[in-house]
Amino acid sequence: MSERRLPLLLALLLAPLPALGFSLAELQPLLAAVQRAEAQFVEERHLAVLEVPLSSRGTLSYRAPDFLQKAVAAPQPGSFTVEGERLTVEQAGERRVLDLAAAPQLKVFTESFRAVLAGDFDSLDRLYRLSLEGERDRWILRLQPRAAPLSRFIEEVTVAGSGAELQRFTVLERGGDRSTMHLEPRCRDADC
Amino acid sequence: MPRRRLLIPLWLLLSAAAVWVGFLRAPLDTDMAAFLPPSGFDDRLLEQVRSGPASRTLIVLLGGAAPEALARAGDQLVAALLADPRFEWAGNGAALPPDDPLLFRYRYLLSPALDAPQHLQAPWLRRELEQRLDELASPFGMVTKPWLAADPTGEYRRVLGQLARPEGLNSVAGRWASGDGRALLLIRTRAGALDLDAQQAALAALGAAVGRVDHRLEWQAVGPGVFAVESREVIRGETRALTLAATLLVALLLRLGYRSWTPMWAAAVPVATAVAAGAAATALLFGTVHGITVAFGATLIGVSLDYPVHLFSHQRGGRSLQQAAWTIGRTLGLGALTTVLGYLSLTWAGVAGLAQLGIFAAAGLAAAAVTTRLVLPGLLAKGCDANPRLPVRPWQLPAPLRRGVIAVAVTLAAAPLVVPPTWQDDPAALSPVPRHLLALERSVRSALGAAEPGSALYVHGEDAQAVLERSEALRPRLEQLVADGQLAGFRLISDRIPSVRTQLARQAQLPSDPALRQILAEATVGLPFRADLFEPYLEAVAVARTLAPLTPADLGDHPLLAGEAGLLQQHTAWSAQVPLIGIADRETLRRAVAEMEGVDWVDLRQAARASAEASRIAAIEALGAGLMVIALALIAGLGSLPLALRVLMPVGLALGTVLGVFALLSLPLTLFHLITLVLVAGIAIDYTLFFLRHGSTEEGATAHAVLLSAVSTIGVFGILATSEIPLLQAIGATAALGVAAALLLTLALARRPDPWTH
């Protein structure tokens, strides 16, 4: 990590003064300002139990402060909607409602995702160590779990974006499994 | 005279024996069931309902903090209670622990998925694996992944799903909660609901555990055990209060009435003998004495006072007690007889507890009468320093006043013809459980948002396995009822703990290792699973083929299934409860259940209705029979029908007045009210009788005695009317009102010997 940082640091030192490093405090309001957002996603999962990666695509919708919906188009149509503490799953014509409090693993994961979208760095900071690199137009936010139970199954979460747009969301699990979601923004706020 | 001299030692001996038998030897019984009216329902089944595992379950509500904090407190409390041997099970809906080694190992024997023969074939396995793939692609992937290798068909999840309970509860933070923001726990004690000391200890332990979690928490527990303990406390308190109040009242009355303390000590003799004799008779006949009987028995203090009062009031002008006794002896005897018959009528109502009350009082009063007549004069050879003086003589009351009383009484007695009295059909009113507890239970149930319980099937068998097998056989029939729309749902214990027979059948279905490898190879064609991924699965199935089946006995300590294993209970036979949800048509269900062998349906609502109906009939029958017997005894005793009618008239009018008052005030009547009317008749005849026999010759004495006895009787029954126990309240109110009416009417109708013409 420090090896990667070093050239960046040197570049920053050598670069003209105005190009100062982009900070968390600057990113936070950018993300928090977004009230609604929709994006197409392509998700790839590399799992140790499988020989080939799994891939799916669909649409991701967000509404501040805690509404998140993942509408899957392929390979199997369905949707996963989180609203507050409730997770509604629609799959194969069946509809199930779950209380997230009863499924701590799911809860923590959806919570992390939501917090990033909402720019809720306070909540994130409680669960993860945050570090930001890059500039306003190209930044990478790294989240490292502070403690169990998160640290037991997540190694690192990486979010890449530009300005207030999220472009890539990667979860690296303990044990080597990796899941990457590429996002192509469709609309934001008034356009949606 | 030698025979008289034997009387006192004999009395002492008998009294001592009575005290020993009644109070020192006989155990005190506090099972409220003795006072439930006849239900016309199968008592064996009601017994099951009352002593089954449901009777050991308590609902605990936690309050005093924010809902999330309460949920966390609930978790801690559950952990503490599970560690306490007094509790068999405790739960608050917490998410089932992800790994329960026992259930995981036994998943292939416990899961119903393997019952169908097409399962564990390649096509089915393939469908399951495809579903797992979908899950891996979804947010659930993280949850499914750890189990994939060992349990690709998700049997463990199925088994856990069966254990989730109960339906229809709210939840906060994944824990059960009541509708009003309190955390909810269900706990089951090891001790039966009738083991009151153990129940009390369990409740104390619960309170201590709550305090240790957080001393600011407020808690409430409801359930059969709580009711039983509370009822016992109430009875104890009531007995103490009643006895004290009655004694004070009586002492005061005697002092006022005789302006001397001696009659009080003297009156204590027959009164104490009465209580001892009553307790002894009850103990001898029933083997135990019920707490409510003792509470009711305190009224004897006031009623048995009648006899010494008559004796003292008639002793004056240099006359000895012996002479007074001789004068009033026959009247006293007849009056005592009718009163005793009045109390004995309580035994005809078909309620075991009431029979005890009747025997207690009848024996007591008989003893009081005998003691007053035979023992007191001998004991107080020097006479009793009684100095009765009547403030006013009743026949000197102005005629308009007396006519007015009669007119009011007649009007009230006629009222039931115009405004028919209402009957009390609410079983809660007939229940001996104190009112505030029933109200609490109702509020808790509405806080739960749960439907009324009380509809369940009971499956019987010779042993636990027989019950489980029969329960399994029941499943298709119940599923049919659900399909037909007759039922919304049901919970079978065999779904969670299959019979040994079923487990062995499932075991036999598990393919051998080579066969399973073949099936797996076929199923995974084209699927991206890693080649050797499912080795743990093959291993687990191989182990499952050798496991010894699980029995309820094995699960006694298991945190999740101990509660289920406890659903089977053994009294004379084994049985399990099958709760039913959403019954569409009771008649159809009854017919369906009648066809099922070894299965009974206990419909408590029906039982309650039948109970109210049966008790109404019993009440009217007992009332009629009781009054008939008393009238006949009176006729026989007086030897003249017209005289008997003269005695019965004010009494009859008084009874009518009571009914009229109840009808006009729209106070519902129950079995207990009507029975008490017979009691009132028995007591009130005393007054009219004395006026009839001695009204002319001993006006002042009679009036004094009657007034004093009536006031003491009305007083003690009035105190009883303030009881928290609906049963005692009914008796007290009716008796106080009835005796008061009888007294007023007797005074109003009392004249110098001057026969009315009709």
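Residues numbered from 1 in each chain as written. Chains lettered and ligands numbered in written order. Predicted model: local features only at pLDDT ≥ 70, side-chain atom pairs only at ≥ 80, totals over all residues. Heavy atoms only, no water.

A count of helices and strands for chain B gives 31 helices and 13 strands. The buried share among the 758 residues of chain B stands at 54%. When contacts within chain B are restricted to residue pairs at least 6 apart in sequence, those whose partners lie at least 24 apart make up 82%. Of the roughly 31900 Å² that chain B leaves accessible, carbon and sulfur atoms contribute 62%. (Helix = DSSP H or I, 4+ residues; strand = E, 2+ residues; numbered from the N terminus. Buried < 20%, exposed > 50% of the residue type's maximum accessible area, 1.4 Å probe, protein only. Contact = heavy atoms within 4.5 Å. Areas by Shrake-Rupley, 256 points an atom, 1.4 Å probe, with all protein chains shown as cover.)

The next subject is the overall build of chain A. Scanning chain A from terminus to terminus reveals five helices and eleven strands. Counting across all 192 residues of chain A, residues that qualify as buried make up 42%. For chain A, contacts bridging at least 24 residues in sequence account for 38% of all contacts bridging at least 6. Carbon and sulfur atoms form 53% of the exposed surface of chain A, whose accessible area is close to 10600 Å².

A word on the environment of A:Q167. Residue and element names in this part refer to chain A. Within the secondary structure, Q167 is located in strand β10 (residues 165–173). The exposure class of Q167 is partly exposed, given its relative accessible area of 34%. For the pair formed by Q167 and W139, sequence separation is 28 residues and the distance between their alpha carbons is 10.0 Å. For Q167, the contacting residues outside a window of four places in its chain are A160, G161, S162, M181, H182 and L183.

Time to look at the packing of aromatic side chains. Residue and element names in this part refer to chain B. Scanning the entire structure with this criterion turns up eight aromatic pairs over all chains. Between F296 and Y343 the ring centres are 6.4 Å apart and the planes differ by 75°, which places this aromatic pair in the edge-to-face class. Here Y343 lies in helix α15 (residues 321–344) and F296 lies in helix α12 (residues 291–297), a separation of 47 residues in the sequence. Accessibility classification places F296 together with Y343 in one group, the buried group. Each residue in the set F104, W147 and Y156 is aromatic and connected to the rest through ring pairs, giving one cluster. Seen from the ring of F104, R107 lies directly overhead, with NZ or CZ sitting 4.0 Å from the centre. The ring of W261 carries R255 above its face, with NZ or CZ at 5.3 Å from the centroid. (Phe/Tyr/Trp six-rings, centres within 6.5 Å; stacked < 30°, edge-to-face > 60°. Lys NZ or Arg CZ within 6 Å of the ring centre and 35° of its normal.)

Between chain A and chain B, the residue contacts involve 26 residues of the former and 21 residues of the latter. With both sides pooled, the region where chain A packs onto chain B buries about 2100 Å², and carbon together with sulfur makes up 66% of that total. The interface formed by chain A and chain B contains two salt bridges. The residue A:D177 makes a salt bridge to B:K145 at a minimum N-O spacing of 2.6 Å. Counting across the interface, chain A meets chain B through seven residue pairs in polar contact (both at pLDDT 80 or more). For the side of chain A that touches chain B, the secondary structure elements donating two or more residues are β1 (36–46), β5 (86–91), β6 (94–99) and α3 (104–118) of chain A. (Buried area = accessible area lost by both parts, 1.4 Å probe. Salt bridge = Lys/Arg side-chain N within 4 Å of Asp/Glu carboxyl O. Polar contact = N/O pair within 3.5 Å; in protein donor to acceptor, adjacent residues only side chain to side chain.)

All right, on to a nonpolar patch on the surface then. Residues and elements named next belong to chain B. Taken together, the side chains of V19, W20, F23 and L24 make up a nonpolar region of the molecular surface, amounting to roughly 420 Å² of accessible area. Residue position: W20 is located in helix α1 (residues 2–25). Its relative accessible area of 45% is what places W20 among the partly exposed residues. (Patch = residues over 30% accessible without salt bridge, like charges linked within 9 Å, V, L, I, M, F, W, Y side chains within 5 Å.)

Let us look at the packing of helix α28 (residues 641–664) of chain B against helix α31 (residues 726–749) of chain B. Residue and element names in this part refer to chain B. Between α28 and α31, the shortest axis-to-axis distance is 8 Å and the interhelical angle comes to 135°. As the angle between them shows, α28 and α31 are arranged oblique. Remark: the crossing between α28 and α31 carries right-handed chirality. Between α28, through P650, L653, A654, T657, V658, V661 and F662, and α31, the contact on the second element is made entirely by T734, L737, G738, A741, A742, L745, T746 and L749. Its residues assigned to classes, the contact of α28 with α31 shows eleven nonpolar, four polar and no charged. (Axes fitted to C-alpha atoms, helices over the stretch in contact; angles between N-to-C directions. Parallel < 35°, antiparallel > 145°, perpendicular 65-115°, else oblique. Left-handed = near helix turned anticlockwise from the far one by under 90°. Nonpolar A, V, L, I, M, F, W, Y, C, P; charged D, E, K, R; others polar.)

A separate point is the sheet that holds β5(A). Residues and elements named next belong to chain A. Overall, antiparallel pairing links the eleven strands, which are arranged β6-β5-β4-β3-β2-β1-β11-β10-β9-β8-β7 in an open sheet. Of all the strands in the sheet, just β6 and β7 (128–134) have a single pairing partner and so form its edges. Neighbour-to-neighbour, the strand axes of the sheet open up by a mean angle of 15°, direction not taken into account. Where strand β8 (residues 139–145) and strand β9 (residues 154–162) come together, five bridges link them in antiparallel fashion. Counted as the bridge partner of I140 is A160 from β9. (Pairing = 2+ DSSP bridges.)

Residue and element names in this part refer to chain B. An ideal rise of 1.5 Å per residue puts 22 Å on 16 residues; helix α3 (residues 67–82) measures up with 22 Å between its terminal C-alpha atoms. Along α3, the residues that are buried comprise L70, A71, A73, G74, L77, V78 and L81. All buried residues of α3 project into a common sector of 165° when viewed along the axis, lining one side. (Expected span 1.5 Å × (residues − 1). Arc of directions from axis to C-beta.)

Attention shifts here to the pattern of salt bridges. Tallied over the full model, the rule gives 33 salt bridges over all chains. Here A:R186 ties to A:E38 by a salt bridge, and the two come within 2.7 Å at their closest N and O atoms. One end of the pair, A:R186, is in strand β11 (residues 178–188); the other, A:E38, is in strand β1, and 148 residues separate them in sequence. Via salt bridges that share partners, B:E128, B:R132, B:E135, B:E155, B:R157 and B:R158 belong to a single interconnected network.

Residues and elements named next belong to chain A. Two strands pair when backbone bridges link them, and β5 and β6 are joined in this way by six bridges, in the antiparallel orientation. By the bridge assignment, T88 is partnered in β6 with V97. Between β5 and the antiparallel strand that follows it, β6, lie two residues; A92 among them carries a positive phi value of about 50°.

In this structure, B:L254, B:F296, B:Y343 and B:F717 are the most contacted members of the largest nonpolar core, which totals 107 residues. Broken down by element, the residue count for this core peaks at 16 residues, all from helix α29 (residues 671–694) of chain B. Sequence-distant contacts of B:L254, defined by excluding residues within four places in its chain, comprise B:R259, B:S260, B:P263, B:M264, B:A267, B:L305, B:V309 and B:L708. Counting residues in each nonpolar core, the second largest holds 42 residues, with A:F109, A:L130, A:L141 and A:L183 among its members. (Core = buried A, V, L, I, M, F, W, Y, C linked by side-chain atoms within 4.5 Å.)

Residues and elements named next belong to chain B. Along the chain, D151 falls in the loop between α7 (141–148) and α8 (155–163). Its relative accessible area of 4% is what places D151 among the buried residues. One polar contact links the side chain of D151 to the main-chain amide nitrogen of E155, over a distance of 3.0 Å.

Okay, the environment of B:A399 next. All names here are of chain B. The residue A399 is located in helix α17 (residues 399–418) in this model. For A399, a relative accessible area of 34% gives the class partly exposed. For A399 and A748, which are 349 residues apart along the polypeptide, the C-alpha to C-alpha distance reads 8.5 Å.

This paragraph deals with α29(B). The end-to-end C-alpha distance of α29(B), which contains 24 residues, comes to 36 Å, matching closely the 34 Å that a straight helix rising 1.5 Å per residue would cover. With 22 of 24 residues buried, α29(B) is to be regarded as a mostly interior element.

Looking now at the pairing of strand β4 (residues 78–83) of chain A. Residue and element names in this part refer to chain A. When you tally the buried positions in β4, you get five out of six residues, the bulk of the element. As paired strands, strand β3 (residues 67–74) and β4 are joined by six bridges and run antiparallel to one another. Bridging across to β4, V72 finds its partner in G78. Hairpin remark: β3 followed by β4, antiparallel, with three residues in the connecting loop. Of the strand pairs in this sheet, β4 and β5 are connected by six bridges, and their pairing is antiparallel. When the bridges of β5 are listed, T81 appears paired with T88. Taken together, β4 and the strand that follows it, β5, pair antiparallel across an intervening segment of two residues, in which G84 is found at a positive phi of about 65°.

All names here are of chain B. Close contact between α28 and α29 brings their axes to 9 Å; oriented N to C, the two are set at 140°. Judged by the inter-axis angle, α28 sits oblique to α29. In this structure, α28 meets α29 at a crossing whose hand is right-handed. Here L643, R646, V647, L648, P650, V651, L655, V658, L659 and F662 of α28 come into contact with α29, specifically with H673, L674, L677, V680, A681, A684, I685, T688, L689 and L692.

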